[in-house]
Amino acid sequence: MMRFALFAVLLALAVASGPARAQSGDVMLLADQVLVQQGGDRLIATGNVEALHQGTRLTASSIIYDRANNSLEIQGPIRITQPNGDVLTATQAELDQGFENGLLESARFVLDEQLQIASARAARVEGRYTAMSQVAATSCQVCGSEGPPLWAIRASRVVHDSEERQIYFDDAQLRVLGVPVFYIPRLRLPDPTLKRAQGFLIPELKTSTLLGFGIKLPYFIPLGDHADVTLTPYLSPITRTLELRYRHAFRNGDITVNGAVSRDTLESGTARGLLFAEGAFRLPRDFRLSFDIEAVSDDAYLNDYNSEFKKDRLDSALTLSRAKRDSFFSTSLIHYESLTDGENNATQPTIIGDLRYNRRFFPKRMGGEVRLGFQLHGHYRYSDTDIDGSDADLVVDGRDVARANLDLSWRDRWTLPGGLRAGAITQLWVDHFFVEQDATAEDDYTEVTPAASVELRWPWVNQTADGGRVLFEPVAQLGWIGGERSGVPNDESTRVEFDEGNLLALSRFPAPDRRERGLIGAAGLRWMRQDPEGWRASLTLGRVWRDELDGAFSRSSGLDSTASDWLIAGQFAHKNGIQLLARGLYDTTDARFTKAEMRANVTRDRYALGASYILLTTDTLEDREDAQSQWRLNGRYQVDRNWTATGTTRYDIAEGQFLRAGVGAEYRNECVAVDFSVSRSFASSTNLEPSTDFGLTVALTGFSTGGSGKEYRRSCSY
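Just so we're clear, the structure is a prediction, and the values are computed from it rather than from any experiment.

Conventions adopted
- Residues numbered from 1 in each chain as written.
- Predicted model: local features only at pLDDT ≥ 70, side-chain atom pairs only at ≥ 80, totals over all residues.
- Heavy atoms only, no water.
- Pairing = 2+ DSSP bridges.
- Helix = DSSP H or I, 4+ residues; strand = E, 2+ residues; numbered from the N terminus.
- Phe/Tyr/Trp six-rings, centres within 6.5 Å; stacked < 30°, edge-to-face > 60°.
- Buried < 20%, exposed > 50% of the residue type's maximum accessible area, 1.4 Å probe, protein only.
- Core = buried A, V, L, I, M, F, W, Y, C linked by side-chain atoms within 4.5 Å.
- Contact = heavy atoms within 4.5 Å.
- Disulfide = S-S within 2.5 Å.
- Polar contact = N/O pair within 3.5 Å; in protein donor to acceptor, adjacent residues only side chain to side chain.
- pLDDT = per-residue confidence, 0-100.

Draft legend 1. How the structure looks around the pairing of strand S35 (residues 566-574). Two elements, strand S34 (residues 535-546) and S35, share eight bridges in a ladder whose sense is antiparallel. Of the residues in S35, the one forming a bridge with Thr540 is Ala569. Alignment of S35 against strand S36 (residues 578-587), held across eight bridges, turns out to be antiparallel. Paired with Trp566 across the bridge in S36 is Tyr586. Here S35 folds back onto S36, and the loop between the two strands holds three residues, one of which, Gly577, carries a positive phi near 105 degrees.

What follows is the structure in structure tokens.
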């Protein structure tokens, strides 16, 4: 604060009239005129007075310093700007030399350029507290010609604690457009500079056709600098729910736990709830440990409460991994639980253990790259039935499988005359399987599979006259996979994806219980262009041929014939925010797509639009009796500086019905934030019910709990 006593000697030497400047150490005083009276015990500075000390700046019309009383008498307009940006103004003040104690008349306090507190009188106490009487507080822009602010808090007394960064109100009255709407005798709110304040957060009003009208009132509790708990009671005529969120940041990792406990009339007399937790830690020697836990009391809970964790399949996992330049290690234990109607968790692979190790070598004598891979895997079903039961799939209900897999390969590439690129791969797989609780299978199987392939690429790169770059690259591969299938049940490779990532793979099955056999060939064409106008595009075409049919490929995989469906994939991106991605498998025999997906995004300053489409044809091998064809749309449009509209929908084309739809509106200005949303879930499963949910939150910005409204600050016009 100001230590004006340090100026006495220097000011005694100052000129009695005209511009004056005094400085001692890190203290400086500027004024148009400085007078020293009574032998240096009284100092009078007038005219554009400015005092600077350790980042704090004071401006006033005059300052009178009395050494005998150690006091300052300051005439306004007074403006004190603190290093953190807080501003205190007044018409006049009487303070001690360090601003530790004193009185200010017609004071106005501005915190973090947002919250304004105006009072008839303010008292500084011990340099920590500012006590104000007859107070009006608001973060709204106050312009004299516009009438009362949108909201204001009137109070008989307000105390600001600068150390704890808390604001205490006595006899607080919330007014909206000047009309009193709420009264509370005592109120405590964190000032805008405090980011982790204990207390209530923004309440949310919710209306649901399943749960009725309710309110969520979160309460935040910091546990030191690195942990916190948020407790959120949710009350409605249908439910009594307590939600919890716990976060803890450690030196080498962090954890987050979300939970909820409910009692409602939907499941009368039964406690319901959820537990979702996740965390990750860095361990010595570059290891990383991660976990996630997902559990619910019943299949319908996430749907009934429209939870942010809403999903059809829960997975809980514990993973230890390490990735280095030439090696990778991972071991994990996973538990799955399906919430989908018609799926029996007892007959699904529920507990899965997996260990993987991969390493690569670069032998100088033989050249190229050698890769070594090893995997241990097992999955367990709770059912102990050794035959296929009455469920919809064709899989033995209680089958449990474990396997050990060894993968050894060598690969290299060369550049031939004319820019032709050649590559070769030799590979050996050794697989051993253990099967239990399957009356149709043997106890163990062993397969040894050699493979080799050669490929050619001929990249053509051209630069156009306008500075664009174009790549045109035909590719071809010829491969052979030996050995024979041992008869091991197909338990993991029932879903095959054929895309540009595995066009030249020796086997496109996702797991070792199935591998492609015989002679195969593949050919493709890749085109890319990067344009100086700010756009880039790519297109990939490809097809696979084999000498024999493979019955393990399903119809929708696109690989169930000796000549596969055509793979078509393309991308487009423009600097103006347009992004397109599409891929599909085109069946030339039936002249239609067997599988397709599309995504499109447009992002501009005022609006954003996203769309996605998926098509899956009927496929008995993938337990899909009906075709799936769905659209999903979501968008945001900024109507003006303050209003933003949002919307989302998901439509099932095959069934001819909406699955989900929602709209929202957001209003923001410098002192308030309002969010309104309505969504409709058209659930059709027997364990789920359709529901409509309304949500409303209103936040007074300018306090720590309400967030910042600085970006919406406007200027008064007269």
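Draft legend 2. Here's a closer look at the packing of aromatic side chains. Applying the stated criterion across every chain, the model contains 16 aromatic pairs. Relative to Tyr219, the ring of Phe200 has its centre 4.8 Å away and its plane inclined at 75 degrees; by these criteria the two rings are edge-to-face. With a gap of 19 residues between them, Phe200 in strand S15 (residues 199-200) and Tyr219 in strand S18 (residues 219-222) connect regions that are remote in the sequence. Both rings, one in Tyr651 and one in Phe658, keep their centres 4.9 Å apart while their planes meet at 65 degrees; by these two values the pair is edge-to-face.

Draft legend 3. Layout of unusual backbone geometry. Even without a glycine there, the phi angle at Asp286 is positive, about 70 degrees. Counting through the fold element by element, Asp286 comes out in the loop between strand S22 (271-282) and strand S23 (288-296). Judged by relative accessible area, Asp286 falls into the exposed class, the value being 53%. Positive phi, normally seen in glycine, also occurs at Ala591, with a value near 55 degrees. The topology assignment puts Ala591 in the loop between S36 and strand S37 (592-603).

Draft legend 4. Structural detail: the nonpolar core. Grouped together as the largest cluster of nonpolar side chains are 40 residues, with contacts concentrated most on Ile74, Leu104, Ile117, Ile167 and Phe169. Filtering out sequence-adjacent residues up to four positions away, Phe169 remains in contact with Ala137, Ile153, Ala155, Arg157, Val158, Pro185, Arg186, Leu187 and Leu189.

Draft legend 5. Region of interest: the state of the cysteines. Within this structure, the stated rule accounts for one disulfide. Here Cys140 pairs with Cys671 through a disulfide, and the sulfurs are 2.0 Å apart. In this structure, the disulfide formed by Cys140 and Cys671 twists by about 80 degrees around the S-S bond and is classed as right-handed. Note that Cys140 is positioned in the loop between strand S11 (129-138) and strand S12 (151-161) and Cys671 in the loop between strand S41 (657-668) and strand S42 (672-681), a separation of 531 residues in sequence. Assessed through its relative accessible area of 2%, Cys140 is described here as buried. Given the relative accessible area of 1%, Cys671 is considered buried.

Draft legend 6. Inspection of the environment of Asn405 at higher detail. Along the chain, the position of Asn405 falls in strand S28 (residues 400-415). Using a relative accessible area of 5% as the deciding quantity, one classes Asn405 as buried. Not counting residues up to four positions away in its chain, the partners in contact with Asn405 are Gly373, Phe374, Gln375, Val430, Asp431, Phe433 and Pro512. Side-chain polar atoms of Asn405 contact the side chain of Arg403, separated by 2.5 Å.

Draft legend 7. Examining the confidence of the model for the protein chain more closely. Looking at the protein chain, pLDDT values average 88 and 93% of them are 70 or higher. In this model, residues 1-25 is a region of pLDDT below 50 whose contacts with residues beyond four sequence positions or in other chains number 65 contacts.

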